[in-house]
Amino acid sequence: MTYGVNVDPTAIRTLAPWQRTAAGAGLLAADGGVAPTVFAEMSALAIATGAINLGQGFPDEDGPREVLDAAREAIATGVNQYPPGPGMPVLREAIARHEHRWYGLEVDPAREVLVTAGATEALAATLLAFVDVGDEVVTFEPSYDAYGAVVARAGGIHRTVPLRFPDWRPDPDELRAAVTDRTRVILVNSPHNPTGALVDDEILDLVVELAHRHDALIVTDEVYEHLVFDGVHTPIATRPGAWERTISISSGGKTFNTTGWKIGWLTGPAHLVTAVLAVKQYLTFVNGAPFQPAIAAGLDLPDRFFADAAAELAARRDLLVGGLRSAGFAPSVPASGYFVVADAAPLGEHDGEALCRELPHRAGVVGVPVTAFVHPERRDEVRSLVRFAFCKRREVLETAAERLAGLSGASATPPAP
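Position numbers for residues start from 1 in each chain and track the written sequence from start to end. Where totals are concerned, whole chains, interfaces and linings use all residues; where local detail is concerned, this predicted model gives features only for residues with pLDDT of at least 70, and gives and counts side-chain atom pairs only at 80 or more. Side-chain numbers come from the whole structure's heavy atoms, not from hydrogens or water.

### Re the side chain of Thr116
Logical step 1: For helices the rule is a DSSP run of H or I covering at least 4 residues; for strands it is a run of E covering at least 2, with both sets numbered from the N terminus onward. Relative to the helices and strands, Thr116 resides in strand β3 (residues 113-117).
Logical step 2: With a relative accessible area of 0%, Thr116 lands in the buried category.
Logical step 3: A polar contact is formed between the side chain of Thr116 and the backbone nitrogen of Trp265, at a distance of 3.5 Å.
Logical step 4: By definition in these notes, contact holds between two residues if any of their heavy atoms fall within 4.5 Å. Excluding anything up to four places from it in sequence, Thr116 contacts Glu121, Ala122, Lys262, Ile263, Gly264, Trp265, Leu266, Lys280 and Asn287. Only protein chains enter the accessibility calculation, which uses a 1.4 Å probe. A residue is then buried if its area is under 20% of the maximum for its type, exposed if over 50%, and partly exposed in between. What qualifies as a polar contact is a pair of N or O atoms within 3.5 Å, subject to a donor-acceptor requirement within protein and to the restriction that residues adjacent in sequence count only when both atoms come from side chains.

### Here we look at the sheet that holds strand β13 (residues 368-369)
Logical step 1: Strand order in the open sheet formed by four strands is β10-β11-β14-β13, with antiparallel pairing between adjacent strands. Among the strands making up the open sheet, the edge pair consists of β10 (330-332) and β13.
Logical step 2: A pair of strands is labelled paired if DSSP reports no fewer than 2 bridges between them. Relative to strand β14 (residues 385-389), strand β11 (residues 339-343) runs antiparallel, the two being bridged by five bridges. Paired with Asp343 across the bridge in β14 is Leu385.
Logical step 3: Contacting β13 and β14, helix α12 (residues 352-362) crosses the sheet at an angle of about 45° to β14. Fitting a line to C-alpha atoms yields each axis, with helices limited to the stretch in contact; the angle taken between N-to-C directions then spans 0 to 180 degrees.

### What about the nonpolar core?
Logical step 1: By nonpolar core is meant a set of buried Ala, Val, Leu, Ile, Met, Phe, Trp, Tyr and Cys residues that side-chain atoms within 4.5 Å join together. By size, the foremost hydrophobic cluster in this structure holds 66 residues, and its most contacted members are Phe329, Phe388 and Leu404.
Logical step 2: In contact with Phe388, other than residues within four places in its own chain, are Leu54, Leu320, Leu324, Phe329, Tyr338, Phe339, Val340, Ala342, Leu359, Val365, Val366 and Gly367.
Logical step 3: Ranked by size, the runner-up nonpolar core spans 28 residues in total, among them Val138, Ala178, Leu204 and Val374.

### A few points about empty space enclosed by the protein
Logical step 1: Lining residues are defined by having an atom within 4 Å of a point belonging to a cavity or pocket. Those points lie on a 1 Å grid over the protein atoms alone, cavities being sets where a 1.4 Å probe fits but cannot get out and pockets being open sets with protein on both sides within 12 Å along at least five of seven lines. Grid points are joined across faces, edges and corners, and a volume is the space filled by probe spheres set on the points. This structure, assessed with the given rule, holds three cavities of 30 Å³ or more.
Logical step 2: In this structure, the largest cavity encloses a volume near 50 Å³.
Logical step 3: In terms of lining residues, the largest cavity is bounded by Glu99, Glu222, Glu225, Ser248, Ile249, Ser250, Trp265 and Thr267.
Logical step 4: Broken down by secondary-structure element, the contributors of at least two residues to the lining of the largest cavity are β8 (246-251) and β9 (263-267).
Logical step 5: Among the residues forming the lining of the largest cavity, the class breakdown is two nonpolar, three polar and three charged.
Logical step 6: By volume, the second largest cavity is sized at about 40 Å³.
Logical step 7: For the second largest cavity, the full set of lining residues is Val188, Ser190, Leu204, Thr220, Asp221, Glu222, His233, Thr234, Pro235 and Ile236.
Logical step 8: When residues are sorted by character, Ala, Val, Leu, Ile, Met, Phe, Trp, Tyr, Cys and Pro go into the nonpolar class, Asp, Glu, Lys and Arg into the charged class, and all the rest, Gly among them, into the polar class. Grouping the amino acids of the lining of the second largest cavity by side-chain chemistry returns four nonpolar, four polar and two charged.

By themselves, these figures tell us nothing about what the structure is for.
Here it is, written out as structure tokens:
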């Protein structure tokens with residue numbers, strides 16, 4: 001499927017630049033203004049009703065003591081001014097060690113690492129650096145909403161390959177059809193948001209093959225790389241023939257429960273990283289000086305920390321999945337990440353958007369319709385699907401499961417902690 005902005009293409013030239021960006025994100029209102037996102041709408045409903053907000057993808061607990069203490073120490077010892085443009089050496093070196101430790105990649109911290117204001121800035125700077133007017137960017141869909149917005153702002157055309165409930169695996173033939181000589185970037189999000197799916201090696205290798213055939217860049221979004229419960233995360237940069245044309249993006253926010261710090265990074269061949277830096281320096285310039293050595297400390301934590309964090313989140317996933325099943329939903333069990341997608345059709349609810357507006361009143365719980373993650377042309381395919389976040393405290397999830405059970409009159413029986 002091909003998408004530019006969500007307006008008649010012949011009218012694009014009449015739009016102001018900010019309107020093109022809003023349209024690319026699906027936020028251009030009929031009057032030409034910016035419509036509120038469904039995320040903002042659901043959060044407002046949670047506040048107004050006192051509902052448990054499982055629509056927002058951030059934890060409600062702080063990260064590891066070692067990371068928090070390192071930030072306090074940095075602030076106390078004067079690490080409060082502009083850091084170097086590419087990022088502080090202590091963090092760039094930690095990122096390079098991380099890539100070698102977990103994936104066997106040899107990364108030059110001086111030339112092949114760039115620190116950014118979260119993964120979203122890394123994505124934006126990368127796409128703005130390489131995508132020109134009329135270039136095509138291929139992503140899987142459902143997809144993180146920033147992708148379409150940034151592609152539109154760059155003047156590109158967003159082509160998507162559908163992932164379908166409940167296994168979320170792309171069709172190789174549809175992927176082949178989407179990538180052409182007009183493709184500038186293939187953007188791979190794995191572990192995937194919002195589905196929690198892992199892109200398997202066969203699909204990764206097909207992406208590499210297509211990128212070579214059509215001279216495209218590969219850009220990855222791997223922010224959930226350490227939150228994998230079932231299977232193994234394989235960075236596409238480790239696949240044969242991938243490194244020389246791949247920019248890999250991640251961040252510390254999800255791994256260390258520090259989403260508000262906005263410390264992200266990208267790695268890749270030096271000439272590609274330099275091109276992104278040329279754009280990034282005119283966005284935030286630099287950010288988060290005292291948080292950079294703190295995230296570096298986190299990346300050097302022992303293996304046990306990462307294993308325990310994933311295991312704890314898996315237990316919370318199971319708790320919410322059990323509660324959703326008891327309530328009558330048909331959930332797809334995610335292999336990774338923060339979210340579970342559930343089909344409300346077994347409850348007789350075929351309109352996820354309408355259900356999400358009613359849930360705070362009927363059950364005291366907030367979710368987000370999956371229609372928010374697809375372009376208008378595909379909304380009917382995901383109409384009954386709702387995304388819920390399980391990156392919350394166990395007692396919060398237990399309460400949410402109990403409340404959701406009232407939808408079907410069942411008793412919530414999620415797995416014991």
